[in-house]
Amino acid sequence: MSATTLAAPLKTGQADARIGLRGHVRHTSALVRRNLLWIRQDPESMFDAVLMPIVFTLLFVYVFGGSIGQALGGGQDQYVQYVVPGMMAMMSMNIAMAVGTGFNQDFQNGIMDRFRTLPIGQGSVLFAKIVVELMRLLIATTIMMIVGVLVGFDITNWGGLLAAVGLSALFGTSIMWIFLVLGVSMKSAQSVQAMGFLVLMPLQFGSSIFAPTQSMPGWLQGFTDYNPLSSLADSARGLMVGGPVAHDLWVTIGWSVALTLVMAPIAIHKFRTKN
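The rules behind the values
- Residues numbered from 1 in each chain as written.
- Predicted model: local features only at pLDDT ≥ 70, side-chain atom pairs only at ≥ 80, totals over all residues.
- Heavy atoms only, no water.
- Axes fitted to C-alpha atoms, helices over the stretch in contact; angles between N-to-C directions.
- Helix = DSSP H or I, 4+ residues; strand = E, 2+ residues; numbered from the N terminus.
- Left-handed = near helix turned anticlockwise from the far one by under 90°.
- Contact = heavy atoms within 4.5 Å.
- Nonpolar A, V, L, I, M, F, W, Y, C, P; charged D, E, K, R; others polar.
- 1 Å grid on protein atoms, 1.4 Å probe; cavity = no way out; pocket = protein on both sides within 12 Å on 5 of 7 lines; lining within 4 Å.
- Points joined across faces, edges and corners; volume = space filled by probe spheres on them.
- Expected span 1.5 Å × (residues − 1).
- Bend = angle between axes of the 7 residues up to and from the residue.
- Core = buried A, V, L, I, M, F, W, Y, C linked by side-chain atoms within 4.5 Å.
- Buried < 20%, exposed > 50% of the residue type's maximum accessible area, 1.4 Å probe, protein only.
- Polar contact = N/O pair within 3.5 Å; in protein donor to acceptor, adjacent residues only side chain to side chain.
- Phe/Tyr/Trp six-rings, centres within 6.5 Å; stacked < 30°, edge-to-face > 60°.
- Lys NZ or Arg CZ within 6 Å of the ring centre and 35° of its normal.

(A) Representation of the packing of helix α7 (residues 158–185) against helix α8 (residues 189–205). In contact at an axis separation of 10 Å, α7 and α8 are set at 145 degrees when each is read in the N-to-C sense. In the crossing of α7 with α8, the sense of the turn from one axis to the other is right-handed. Facing α7, whose interface residues are Phe179, Leu182 and Gly183, α8 presents Val192, Met195, Gly196 and Leu200. Looking at side-chain class alone, the contact of α7 with α8 contains 5 nonpolar, 2 polar and no charged residues.

(B) Layout of empty space enclosed by the protein. Tallying each qualifying case throughout the model produces 1 cavity of 30 Å³ or more. Space inside the largest cavity adds up to approximately 30 Å³. In terms of lining, the largest cavity is formed by Leu31, Arg34, Asn35, Met112, Phe115, Val125, Ala128 and Lys129. Within the residue set of the lining of the largest cavity, elements represented by two or more residues are α2 (21–41), α5 (111–117) and α6 (122–150).

(C) Looking closely at helix α4 (residues 76–108). Helix length check: α4 (33 residues) gives 46 Å between terminal C-alpha atoms against 48 Å at 1.5 Å per residue, within 8%. Where α4 bends most, at Val84, the angle is about 25 degrees, and the proline Pro85 comes one to four residues later. Directly beyond the C-terminal end of α4, a positive phi value near 90 degrees is found at Gly110.

(D) Region of interest: the nonpolar core. Counting 71 residues, the largest nonpolar core has Phe103, Val125, Leu126 and Trp177 as the members making the most contacts within it. If one sorts the elements of this core by residue count, α4 sits on top with 17 residues. If near-sequence neighbours (up to four positions away) are discounted, Leu126 is found in contact with Phe103, Trp177, Leu180, Ala267, Ile268 and Phe271.

(E) How the structure looks around the environment of Ser230. Looking at the element boundaries, Ser230 is found in helix α10 (residues 228–241). Distance from Ser230 to Phe179, taken between C-alpha atoms, is 20 Å for residues 51 residues apart in sequence. What Ser230 contacts, discounting residues up to four positions off in sequence, is Gly206, Ser207, Ser208 and Thr224. Polar side-chain contacts of Ser230 include one of 3.2 Å to the backbone nitrogen of Ser208.

(F) Layout of the environment of Met135. Along the polypeptide, Met135 turns up in helix α6. Taking the C-alpha atoms as reference points, Met135 and Met90, separated by 45 residues in sequence, lie 16 Å from one another. The contact partners of Met135, leaving out residues within four places of it in the chain, are Val32 and Leu36.

(G) Region of interest: the packing of aromatic side chains. Counted by the stated rule, this structure contains 8 aromatic pairs. Geometrically, the ring pair formed by Tyr79 and Tyr82 is stacked, given 6.4 Å between the ring centres and 20 degrees between the ring planes. Placement of the pair is Tyr79 and Tyr82 together in helix α4, with a separation of 3 residues, close to one helical turn. We note that Tyr79, like Tyr82, is buried. Aromatic ring contacts, followed pair by pair, group Phe56, Phe60, Phe64, Phe205 and Phe210 into a single cluster. Sitting over the ring of Tyr82, Arg237 keeps its end group 3.7 Å from the ring centre.

(H) The arrangement of the environment of Gln76 in detail. By the element assignment, Gln76 lies in helix α4. Sequence spacing of Gln76 and Tyr62 is 14 residues, and the spatial spacing of their C-alpha atoms is 7.7 Å. When residues no more than four places from it in sequence are discounted, the contact partners of Gln76 are Val61, Tyr62 and Gly65.

So, in structure tokens, the structure goes:
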């Protein structure tokens, strides 16, 4: 390895130190615009944000709505009130995974190497990715809510709905930092996606997103009690349709803050020092 390569991370850090907050904001805004223009040129990249909420909402409501709704003491209508708020947690996880695969593909295409040679704040590249994925998350959540209303979800608390969306966005942002670390660390987008599914499936289905946890085996209930997706789903449910909120709300916020504080510096460091 050459001395130039060894010196590159130091020069990058020194360049970042000379860029003020206004410069970072300006660079982030420019990169957000670049990413949005890229989506405009490749609208197929929005298929997951547009189609996934439609498919999953209809699938779970019409396949599981009758049986699980009866277990909840009602029918399909009762299950709609249960599952739609919970699916906000699923949206935040699935959209977060996309940021890792897209980030890795940008490295493979050489775009990130170009960005790292420019006199811009290196963290701005990652923050721009986060901002655009948050926009995609809000689009996916909006579509999911529209489909939810069409299949019978009753919005009675608009303030609670907005609070639940904000909480989902906060938690989704923290998960995006994890996938950014995977995107910069793993060799291919397929590897990031495979690792993402290995993590997502147990977390999503071992939670209270799709079904109550009372009928699950004791060992699995212990897992769901500490699963942040259960806390997010239950807090969104309480905010939107009524029920206990405080405990799950603070647990979700605690997970979000902790994950961001740990993973964001790691992601930025790995981005700066990746060869």
